[in-house]
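# Notes for the structure review
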Amino acid sequence: MAHDAARQRATRRVGWGQRLSRWDLKISPYLYVSPFFLLFAIFGAFPLLYNIVVALHDWHRRAGMGEFVGFDNFSWVLEQPLFWRSLENTLSIFLWGGIPQLVLALLIAAILDQNLRVKTFWRMSVLVPFVVMPVATAMIFGQVFGQFGLLVPNLQELGILDHVASPFFQDRLLSHMAIGSMIVFRWTGYNALILLAAMQAVPRELYEAATVDGASRMRQFFSVTIPNIRPTMVFVILTMTIGGLQVFDEARMFDGGGTGGGKGGADNQWTTVVLYLYELGFGDWQDRLGQAAAVGWILALIIGVVSIGNFLLTRSISSSSAKPSRVSKSQRNAVIAQARAVAAESERKAREAGVATIIGRATSTDDPRAADVDQSKEGVNR
Amino acid sequence: MSTGYIENVAGPGAVKYAQKRAARGKPARSYNPSSRRPGWFTYAVLAVIFVVSVFPLYASAMYGSSTTQEIARSVGTLPTWLPTLQLYENFGEVLGASQFNFWTAFLNSLLVAVSVSAATVFFSTLAGFSFSKLTFRGRQVLYVTVIASMAIPAQIGTIPMFIMMNDFGWIDSLLALTVPSLVGAFGVFWMTQYLQEALPFELIEAARVDGASLYRTFWAIAMPAARPAAATLALFTFVGSWNSFFWPSVVMRSQLTMPLIIPQLKGAFTSDTGLVMSGVFLVAAPLLIVFVLAGKQLVAGVMAGAVKG
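Residues numbered from 1 in each chain as written. Chains lettered and ligands numbered in written order. Predicted model: local features only at pLDDT ≥ 70, side-chain atom pairs only at ≥ 80, totals over all residues.

### Some words on the overall build of chain B
Broken down by element type, chain B carries 16 helices and zero strands. Scaling as 2.2 N^0.38, a compact globule of 309 residues should have a C-alpha radius of gyration of about 19 Å, whereas chain B reaches 27 Å, well beyond that. Considered along the principal axes of its C-alpha atoms, chain B spans approximately 85 × 70 × 35 Å. Put simply, chain B has 309 residues, and 42% of those count as buried. Once local pairs closer than 6 in sequence are excluded, the contacts in chain B between residues at least 24 apart make up 71%. (Helix = DSSP H or I, 4+ residues; strand = E, 2+ residues; numbered from the N terminus. Rg over C-alpha atoms; globule rule 2.2 N^0.38 Å. Buried ≥ 20, exposed ≤ 12 C-beta atoms within 10 Å, placed from the backbone. Contact = placed C-beta atoms within 7 Å.)

### Observations concerning the overall build of chain A
If you tally the helices and strands in chain A, you get 16 helices and two strands. Expressed as a percentage of its 382 residues, the buried residues of chain A come to 37%. Taking the intrachain contacts of chain A between residues at least 6 apart in sequence as the baseline, contacts between residues at least 24 apart amount to 70%.

### So, the packing of helix α6 (residues 102-133) of chain B against helix α13 (residues 227-243) of chain B
Axis angle and axis distance: for two packed helices, these are the angle between their axes and the distance between the axes, and together they describe the pair. Residues and elements named next belong to chain B. Across the interface, α6 lies against α13 with an axial gap of 8 Å and an inter-helix angle of 145°. The handedness of the crossing between α6 and α13 is right-handed. The segment α6 lies against α13, with Ser109, Val112, Ala113, Val116, Ser117, Thr120, Val121, Ser124 and Thr125 engaging Ala230, Leu233, Ala234, Thr237, Phe238, Ser241 and Trp242. Partitioning the contact of α6 with α13 into residue classes produces nine nonpolar, seven polar and no charged. (Axes fitted to C-alpha atoms, helices over the stretch in contact; angles between N-to-C directions. Left-handed = near helix turned anticlockwise from the far one by under 90°. Nonpolar A, V, L, I, M, F, W, Y, C, P; charged D, E, K, R; others polar.)

### A short note on the interface of chain B and chain A
Counting from both sides, the interface comprises 92 residues of chain B and, opposite them, 98 residues of chain A. The residue makeup of the side of chain B that touches chain A, split by class, is 65 nonpolar, 22 polar and five charged.

### A short note on the pairing of strand β1 (residues 57-60) of chain A
Residue and element names in this part refer to chain A. By the alternation rule, side chains of β1 split into His57 and Trp59, which are all buried, and Asp58 and His60, of which none is buried. In terms of strand pairing, β1 meets strand β2 (residues 64-68) through three bridges, oriented antiparallel. Residue pairing in the sheet places histidine 60 in a bridge with glycine 64 of β2. Two successive antiparallel strands, β1 and β2, enclose a turn made up of three residues. (Pairing = 2+ DSSP bridges.)

### A look at the confidence of the model for chain B
Residue and element names in this part refer to chain B. Overall, the prediction assigns chain B a mean pLDDT of 86, with 92% of residues at 70 or greater. When pLDDT is averaged over each helix and strand of chain B, the minimum, 67, is found for helix α1 (residues 3-10) and the maximum, 95, for α6. Interface predicted TM-score (ipTM) for the complex: 0.84; the corresponding pTM is 0.81. (pLDDT = per-residue confidence, 0-100.)

### Description of the environment of Val114(B)
By the element assignment, Val114(B) lies in helix α6. Remark: the alpha-carbon pair of Val114(B) and Trp242(B), spanning 128 residues in sequence, is separated by 9.2 Å.

Take a look at the structure:
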């Protein structure tokens, strides 16, 4: 009797559990993704829309929302010489920080893409700048580029500079180069590792084929490596663009902040757009949230345009240089198969003629090499 | 071996190459760049890169080891090449400065970075589990939304976010730094990609057959499987949160985080470059310790991110 009751209870529990389980399967997937969407709605999507409202109103920090002004904020911003100056500065710093960064990253990746001893150590060493706080980097570089720093007195000695004070804080172009160098310092190693990962995925047969055809290592780099890592290069350039046009930390701390500092120089030589936005909204200049919101929209537009431009540019440049080796996968496989057939054929002939062949040796090393490539890929995934 | 034979099997280019190698006295050992050992020049270049990478922090420590007089005398060079006891004195002065409280800032930064990374890992893995292994209506659309949201430049929302924080009363509160970044699109994307490969459906089915609820399945099966990617995600989130400067300088007033100490340094120790630089070193050093412990993982993370795109 008691036994029966227990069984009855057990079956009833299973039934209830099944219903719960079905409910669990239906609702839980949504529940699990909801934290992201909740947060994104509140702190991602809503501010984006709200920004339009703010940009269309007279808005101050303490007074809050003022009257509707239409596009006055936008036209006000576009009439400010300082806005245009900051835009020029941003683009110039972007170029000074971006182009050397890309070239150096490619170079470092190519250097790292070899059979190095203590591989991990060298890879780690290029990533050190990435974890150094950008504002700290800016302070230290500011010291190095300063009047009594490491650079200026030596350049004066060599006769390259004839200024008395440090020109890096006076001259517009030189200040852009100095800030660009901080960006190069921070991101080159990071991007080099990304490019390195892409380079290691390039099939090693291609290099072998190029070597056999007599291509120098330089030629191999430009005709085999670069075309093959094109998608990754597009990725690197796009992230570089989005980040590079929002420079703030380096520009703000270049002169060390302090009283009256951090605004991009006495003459706004290195005020960037985001620094301009910051000063408009929260700095000493004014308390103009409406106008600052307008700057935000204009900046987003510029980032979009430059990103698309860069995307098209990289695509066209690397595809024109890729022509010599742009073959489809099936074509490549066909060529490799053909070469193998020729090799096997000549090997057979040679064996018939009783000659020891180099080809025989080449095919015997084939498999270990393939294993090697697989291993390096595994290492990447890990 | 005759060149004719090489020409026969590998073409005229190979002959030219073989002759060139022979003229230089180096036989063609291997065509494969992955097995060729690089020469000393490569290591020299790498050594230069290493020196450049660590130089700024080293320089800050050297400036921090010097008095104002020594720095004034050392025009065009570092004041010292080895750290001195002056560094500890300067550290003491920075830690005890009255203009800002170093330890409060340190704890603030730690609190924010730890809670942001922990929450990001948890919510990202949860969402990644759902996106990669569960079926539900609208999954594709929602996942595309996640990816698309990554392309939005963060700075656009600054002004409305500030107004919201003001309305919430979160200005000068650590909540303003923590809550908006509890989970991000990148983390969800990263964990989804990882779990897609790392977690076999069979395991989930087995857990379901054994009567585990979905949440239990997530906690006992998906979470352990996701550990390597989760650790990397935690590291990157930690570094990003610790170093972030723009948003904290918008919403914080008197409460400081580590990066916010930096602008205070010059005001606090006006002309004493040694003190300022020792402060810079102190602020930047903690992450260096993290890097020494987990740099390998960071490297693997950067490279894996590149492959998965």
